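Close look at the chain arrangement
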Amino acid sequence: MKTLVTRLGLSEEEMAERKQYLELGERDCEVLRAMNEQLGEHGGGMADSFYAHLLKYPELGERLGDHAALQRLKQAQAVYFRGLTAGRYDMDYVEDRLRVGVAHQRIGLDPKWYIGAYRKYMSYLLPVIHDLYAGDRERTIAACDALFKVISLDMGLALDTYFEVDRQEILRHKEYAEQIISGLPAGLIVLDEQLLLRSINPAMRRLLDLGPRPLAGQHLSAVIDDPALADKLAQVQGGGTPALDILIRRDVQGEERYIDFHLARLQLGASHVILIIGGDVSERIRARAELRESEERFRLTFSMAGVGLAHLSVDGRILRSNRRLQDILGYSEDELRTIDYDEITHPGDRGKGRELLDRLLRNEIESFANEKRFRHKSGRYVWSNFTLSLVRREDGSPRYFISVIEDITERKQTAEKLIHLAQYDALTQLPNRTLLQDRLLQAVSHAGRNRGRLAVLFLDLDRFKDINDSLGHAAGDTMLRQIAARLSMQLRESDTVARLGGDEFVILLRDVQKDEQVAAVARKILDAVTRQVTVGGVEFMPTCSIGISIYPKDGRDGETLLRNADAAMYRAKENGRNSYYFYSEGLNEKLLHRLHIESGLRHALEQNEFSLHYQPQVDAVSGEVVGVEALLRWKPSSGAPVGPDEFIPIAEETGLIVPIGEWVLREACAQAAEWRRDGIAPLNLTVNVSLRQFRSDIASAVATVLRDTGFDPRSLTLELTESVLMESPELVEETLQKLKALGVRIAIDDFGTGYSSLAYLSRFSIDTLKIDRTFVLDLPDSRDDVAIVKAIVALGKALNLSVVAEGVETAEQADLLRGERCDVLQGYLFGRPLPPQALRERLLDARAVLT
Ligand SMILES: Nc1nc2c(ncn2[C@@H]2O[C@@H]3COP(=O)(O)O[C@H]4[C@@H](O)[C@H](n5cnc6c(=O)[nH]c(N)nc65)O[C@@H]4COP(=O)(O)O[C@H]3[C@H]2O)c(=O)[nH]1
């Protein structure tokens, strides 16, 4: 109550002022006090009649409550009436009055009822007063006047209470509304018709960055000055549109902000207000812009991507495709829409990835990739790296697939080429050693499982090195290609012909039953190879040697089979070339021995392991030594001497004979020159020249040696075998002419053992024929040999050639040869090949005997 008193400003002074204004003085108080005592007996009746009147109005009845409440009210009313005329109107009185006012206001007793009740009180009291003062006009008027004054004071207080309580109520509502408005997340401005701000909430202040400054009464343009808004406001003012939306971009503290304003008109009686509700939608706008941007980015990435991209429906139709995919597959976007991938997938790749696709659909993997071939519109196939991923809806159900197709055709082709290069021989296109080993492995394990047999044929061309050396590599290559083609034609699909390198080929025959069968194939191959080839304009009759090993008896793995076939091939070569040979145990030892010799030979020259022996040649008639034949000896530092019959063919094959032969020539010429200087009569020096040497520009080698040693060319005879002369006639003729031009003589060794025609004897400028010792051996007993010897000597005489017989071991042989007019004899009968010193002594001795 004290608060109410304070709020109403009812201080002592105020009350004094009110009383003064109502002219309520002490005299009135005395009148009222005097009356109060006499009114005492009317208190109850007054309250009864008062309430009886009130209860006539049902609306009031409800408010006054039940009987008990009514009794309490009546008593309170009686106290009130007594207080009214008690004559003490101090602050306690004021509080009492206010209390009653508050109680009335609370039960909803409007002032009209209150004032009406006073009227009832007054109407009751006036006759009572009249009776009380028994017509004393002055006292009656004084009492009524005092009563009016105090009632007016009371009413004033009651009305103040009503107003104040109402005001408080209104203030509470207002505060409530303001709390709601200021708590709103949306900004709110209320404008009057003149667009002056009535209120603005904190959210709007924040939106517009206005701070706390007072704004009420200011024009809207002071806070938002935007023509678009002004335009919309005009529409809302006009009343045509009840609500409008507008988006405004503002710069707030350097930051771009978007505010969505919602304008509404609110009619309040005859006037109206305008509500502006605003919200910051920057995030939404930004998100939308970002989404648009990202969609644009995606669109660009999709269409410009360097790989083929497509969106596929869950049932596999192409919904959308990019440019690259259209290029890769050769279809337009519209055409692709009518195609599903399966249709254009290579039949061999169709089921590929099915399991992965199921896993993708079951959400076990996010994507998968595999390599597939797709049919280009032109019909050709394109190799692709195909990746598929799945885009799902929010509920997890499949929405569409994204496929990425990368054209890897070129990469695949390169890889295939590389594989081909790695497995095939570039020159002949035959499988190379790697692929052969693979096939061997397969064949061996297949044969092992099926108790089968297979054959490995190791083939080496005879004298291929000579072709390479004399005609060059291009010619050699042509030859190899031709041989490769011939070999391939001889074999079945299931067999393999491989080239190991150089002139070595290997043939793998599967499912062979008997050795005869293999031998038949080997013969067929020999026949196929031995057919004339024209290489570099020169005609050749190639031959080859074949070594054969059989699984399982000659080896249980590819490597052993190859090694043993190789060993057998060497044996075939030793057997006279153009033949085949089956591997047998012990062959490897021979091969090892051969390899041993070969490696020893490579160092023999520099290790000074060679020496020369000289075998005398005597005049058949006088018995005088007229010449010597230089014969090569090799004593490896690490072992026993090796005979020339053994190492010369190897030196020949490996080409080592060229430097070795040159050494022989130089050594022999130097030796003979030395003997000459020692005073030994001029001797004819015979030096053997092999085919290989002959081809390697022998003429210039001889010229150099002769110049260096100063040996007389006319005393030098080069001994060639018939096989040298069987070489290409042009080459032989040209070389022989060069040699003749140097002044050296030419002898044919082993005459009669070869197959060549006799024509070359006259065609080439041959000086000497040497009768092979095989014809001498059985003289004079063998009539055939006697006949041959006679024929050779006769031929030599007819062609004006000197004839030498070698291998003369007995006097009978010598007699017969002498009798046939053979010119020179050579053999153990006249002397074995001797080291230079021994020979020197012998020659010096002979000279001593002669002199
Ligand atoms: N049974 C028997 N043999 C006799 C008799 N008189 C000589 N001989 C042997 O017969 C061979 C004669 O040499 P060839 O026919 O040119 O046969 C030579 C020749 O073809 C080759 N050779 C030797 N030295 C050289 C060389 O420096 N260069 C080349 N390219 N080949 C050579 O090696 C072959 C063998 O030479 P050698 O072992 O020294 O064997 C020599 C010699 O020792 C005889 O009365 N009875």
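Above this text sits the structure in question.
Heads up: these notes are all about the structure in this document. This structure is a prediction, so every number in the text was calculated from the model and none was measured. (Residues numbered from 1 in each chain as written. Predicted model: local features only at pLDDT ≥ 70, side-chain atom pairs only at ≥ 80, totals over all residues. Heavy atoms only, no water.)

Some words on the sheet that holds strand β17 (residues 580-582)
Read across the open sheet, the 5 strands follow the order β12-β13-β11-β16-β17; overall the sheet is mixed. Of all the strands in the sheet, just β12 (496-501) and β17 have a single pairing partner and so form its edges. Adjacent strand axes in the sheet meet at a mean angle of 20 degrees, parallel and antiparallel pairs treated alike. Across 5 bridges, β12 lies against strand β13 (residues 504-509) in antiparallel orientation. When the bridges of β13 are listed, glycine 501 appears paired with glutamate 504. Against the sheet, helix α18 (residues 433-450) contacts β11 (454-461), β12, β13 and β16 (544-551), and its axis sits at roughly 140 degrees relative to β12. (Pairing = 2+ DSSP bridges. Helix = DSSP H or I, 4+ residues; strand = E, 2+ residues; numbered from the N terminus. Axes fitted to C-alpha atoms, helices over the stretch in contact; angles between N-to-C directions. Contact = heavy atoms within 4.5 Å.)

Concerning the environment of alanine 426
The topology assignment puts alanine 426 in the loop between α17 (409-423) and α18. For alanine 426, a relative accessible area of 58% gives the class exposed. Along the primary structure alanine 426 and arginine 499 are separated by 73 residues, whereas in three dimensions their C-alpha atoms are 9.9 Å apart. (Buried < 20%, exposed > 50% of the residue type's maximum accessible area, 1.4 Å probe, protein only.)

A short note on helix α19 (residues 464-471)
Of the positions making up α19, those classed as buried are Phe464, Asp466, Ile467 and Asn468. The inward-facing, buried residues of α19 abut β11, α20 (473-490), β15 (538-540) and α26 (691-695).

A look at the nonpolar core
By size, the foremost hydrophobic cluster in this structure holds 77 residues, and its most contacted members are Leu685 and Leu716. Broken down by element, the residue count for this core peaks at 9 residues, all from helix α25 (residues 657-677). In contact with leucine 685, not counting residues within four places along its chain, are Tyr614, Val628, Ala630, Ala668, Cys669, Ala672, Phe711, Ser715, Leu716 and Thr717. Residues Tyr80, Leu98, Leu125 and Leu147 belong to the second largest nonpolar core, which totals 49 residues. (Core = buried A, V, L, I, M, F, W, Y, C linked by side-chain atoms within 4.5 Å.)

Digging into the packing of aromatic side chains
Inspection of the entire model under this criterion finds 16 aromatic pairs. Pairing tyrosine 57 with tryptophan 113 gives two aromatic rings, centres 5.4 Å apart and planes at 55 degrees, and the pair type is tilted. In this pair, tyrosine 57 is assigned in the loop between α4 (43-54) and α5 (58-64) and tryptophan 113 in helix α8 (residues 111-132), connecting sequence segments 56 residues apart. With 5.6 Å between their ring centres and 40 degrees between their planes, phenylalanine 298 and phenylalanine 302 make a pair best called tilted. Of this pair, phenylalanine 298 and phenylalanine 302 both sit in helix α12 (residues 282-304), 4 residues apart, roughly one helical turn. When its relative accessible area of 36% is taken as the criterion, phenylalanine 298 is described as partly exposed. (Phe/Tyr/Trp six-rings, centres within 6.5 Å; stacked < 30°, edge-to-face > 60°.)

Focus on the site of the ligand
The environment of the ligand is made up of 22 residues, and the closest members are Gln615, Arg633, Arg773, Glu809 and Tyr828. Contact between the ligand and aspartate 749: an oxygen atom at 3.1 Å from a side-chain N or O atom of the residue. Here an oxygen atom of the ligand and a side-chain polar atom of glutamate 806 are 3.3 Å apart. The protein chains hide 85% of the 790 Å² of surface that the ligand would expose on its own. Among the secondary structure elements, those contributing two or more residues to the shell around the ligand are β19 (625-634), α24 (644-654) and β22 (745-751). Ranked by residue count, the leading element in the shell around the ligand is β19, at 4 residues. Its residues assigned to classes, the shell around the ligand comprises 8 nonpolar, 5 polar and 9 charged. (Near = heavy atom within 4 Å. Polar contact = N/O pair within 3.5 Å; in protein donor to acceptor, adjacent residues only side chain to side chain. Areas by Shrake-Rupley, 256 points an atom, 1.4 Å probe, with all protein chains shown as cover. Nonpolar A, V, L, I, M, F, W, Y, C, P; charged D, E, K, R; others polar.)

Remember, this is a structural readout, not a statement about activity or role.
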